[in-house]
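Fold and geometry: a report
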Amino acid sequence: MIRESDANIVIVGGGIQGLSVAYEMAKLGMKRIVVLEKSYLCSGASGRNGGGVRAQWASRDNIELMRESIQICRDFAAEMRINVWFRQGGYLFVARTADRAEQLEASVALQRECGLDTRLLGPEGAHAIVPELDASRIMAASYNPTDGVVFPWPFVWGYAEGARQRGVEIRTFTEVVDVETANGKVIAVRTPDERIRTSLVLNAAGAWSPEIARMVGVDLPTKPHRHEICSTEPLKPFLKPLVADLASGLYFSQSMRGEIVGGISNAEVPEGLDQGSSLRFLGLYARALTRAMPRLGAVRVLRQWAGCYDLTVDRAPIIGRVDGVEGFILMSGFIGHGFMIAPIMARIMAKYLVQDVDHPTFTSWAFRRFRDGNLCGETMVLG
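Procedures and definitions
- Residues numbered from 1 in each chain as written.
- Predicted model: local features only at pLDDT ≥ 70, side-chain atom pairs only at ≥ 80, totals over all residues.
- Heavy atoms only, no water.
- Helix = DSSP H or I, 4+ residues; strand = E, 2+ residues; numbered from the N terminus.
- Buried < 20%, exposed > 50% of the residue type's maximum accessible area, 1.4 Å probe, protein only.
- Polar contact = N/O pair within 3.5 Å; in protein donor to acceptor, adjacent residues only side chain to side chain.
- Contact = heavy atoms within 4.5 Å.
- Salt bridge = Lys/Arg side-chain N within 4 Å of Asp/Glu carboxyl O.
- Phe/Tyr/Trp six-rings, centres within 6.5 Å; stacked < 30°, edge-to-face > 60°.
- Lys NZ or Arg CZ within 6 Å of the ring centre and 35° of its normal.
- Pairing = 2+ DSSP bridges.
- Right-handed = clockwise from strand over helix to strand, strands pointing away.
- Expected span 1.5 Å × (residues − 1).

This next bit is on the side chain of Arg 54. Structurally, Arg 54 is set in the loop between β4 (52-53) and α2 (60-80). When its relative accessible area of 2% is taken as the criterion, Arg 54 is described as buried. Of the polar contacts made by the side chain of Arg 54, one reaches the backbone oxygen of Gln 56; its length is 2.6 Å. The residues contacting Arg 54, other than those within four sequence positions of it, are Met 66, Ile 70, Tyr 91, Phe 93, Asp 147, Met 340, Met 380, Val 381 and Leu 382.

Laid out in structure tokens, this is it:
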């Protein structure tokens, strides 16, 4: 027997995007919010990322939004009463070619125009911030001291508990099998044992978003891409910023417990949803890491894992309503920065859905841009 119930909104995806929107909507007074997660909390990208939070981007939208998101991260522990180990040691981007140096120079100029205290550095400046770096092949670097890193799991748990306290119903191990429509409108969401009547569905399923979109006849121009990370044995604290190389996609930071945590771009990964680990990644990462910081050559790797980026062709998210399917809302395509931008995007989306307050990103990141040819563009993507 299929149960019947009602909800004002059903949010598909219990990751950082879905849970943060549920929390912010509940704060604004929305009732009967249901979040459906087909596995456990932190099972997807939200629990498998490196926790980086940065405002160093090459597009104005990302820079301005991330400035606000960092402020929310700074206040998160006090608001949610949970320790997320947020530390602002900065991001140090390094460029090893003339092209990448020019790219950094342009992005620093834009960031400073947006009010960031980002500095453009030479090899000596980069070495002064991280003395352990091999600066012999560095042509330029950029450093913003307010960028940082959080521990992803308690960040997700904080939003989940905050949402529950405000009446949000969060159901784990509950798969969405269909989103019903009639006359071009959303009318219900089906799980294996329940039909939830609703006129509003938020697709926040990350790399699984295309599967949900196809249920209402929408073909999302996104694809999953496996991204791997590994963690070493703990070392005495010595590395303050997160170090990133735009050319190779290498990035690494030191956790509060002392581990070196990082990843690197890897073009040769299986197509589709794959969260397995590979020896190829470990080789790529180890070689790049030890070239960047030779002293790490003798450090032992303790564990390795993977998650899936949700890639769009123009490296920008897809948010907002879908023409022709009333009540179906997208919050997809956040590539590898969905976690860090979620706090501010949740507030924007909640105001949009509860109070009908618009925001410029609903135009620049709209689904229709792919149809109209108004693509965005972001170059400072790692991995």
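So, next bit.
Here we come to the pattern of salt bridges. Throughout the structure, instances matching the rule amount to 26 salt bridges. Lys 27 is the partner of Glu 79 in a salt bridge, and the nearest nitrogen-oxygen pair spans 3.1 Å. Here Glu 79, found in helix α2, pairs with Lys 27, found in helix α1 (residues 16-27); they are 52 residues apart in sequence, far enough to count as distant. Exposure remark for Lys 27: the relative accessible area of 40% places this residue in the partly exposed category. A salt bridge links Glu 233 to Arg 300, with the shortest nitrogen-to-oxygen separation between them at 2.9 Å. With Glu 233 in the loop between β14 (222-232) and β15 (242-245) and Arg 300 in the loop between α7 (279-292) and β18 (301-312), this pair connects stretches of sequence that are 67 residues apart. A relative accessible area of 16% means that Glu 233 is categorised as buried. Taking relative accessible area as the criterion, Arg 300 reaches 56% and is therefore assigned exposed. Within this structure, Glu 4, Asp 6, Glu 180, Arg 190, Arg 195 and Arg 197 form a network of salt bridges that share partners.

Any pair of aromatic rings gets described here by the distance separating the centres and the angle formed by the planes. With the rule as written, the count across this model stands at eleven aromatic pairs. Their ring planes at 65 degrees and their centres at 4.9 Å tell us that Phe 76 and Tyr 159 sit as a pair that is edge-to-face. Of this pair, Phe 76 sits in helix α2 while Tyr 159 sits in helix α5 (residues 152-165), and the two are 83 residues apart along the sequence. Overall, the relative accessible area of 1% leaves Tyr 159 in the buried class. Taking the centre distance of 5.9 Å and the plane angle of 70 degrees together, the rings of Phe 155 and Tyr 159 count as edge-to-face. Within this pair, Phe 155 and its partner Tyr 159 are both found in helix α5, separated by four residues, close to a single helical turn. No difference in accessibility class separates Phe 155 from Tyr 159, as the two residues are buried. Among the aromatic side chains, those forming a connected cluster through ring pairs are Tyr 23, Phe 76, Phe 155, Tyr 159 and Phe 339. Above the face of the Phe 238 ring, Arg 295 is positioned so that its terminal group lies 4.3 Å from the ring centre.

This brings us to the pairing of strand β2 (residues 9-12). Of the two faces of β2, the one carrying Ile 9 and Ile 11 and the one carrying Val 10 and Val 12 are both buried. The pairing of β2 with strand β3 (residues 33-36) spans four bridges and is classified as parallel. Considered in β3, the bridge of Val 10 is made with Val 34. Between the parallel elements β2 and β3, the chain passes through α1 in a crossover that is right-handed. Pairing analysis gives three bridges linking β2 to strand β13 (residues 201-203), with the strands arranged parallel. Bridge assignment links Ile 11 to a residue of β13, and that residue is Leu 202.

Quick look at the environment of Lys 38 now. Note on placement: Lys 38 falls in the loop between β3 and β4. Expressed as a C-alpha distance, the spacing of Lys 38 and Arg 280, which sit 242 residues apart in the sequence, is 30 Å.

Compared with the 20 Å implied by 1.5 Å per residue over 14 residues, the 20 Å span of α7 between its first and last C-alpha is a close match. For α7, the set of buried residues is Phe 281, Gly 283, Tyr 285, Ala 288, Leu 289 and Ala 292. Buried positions along α7 lie against β14, β16 (251-254), β17 (260-263) and β18. Two to three positions downstream of the cap, the backbone nitrogen of Phe 281 sits 3.2 Å from a side-chain oxygen, assigning the N-cap of α7 to Ser 278.

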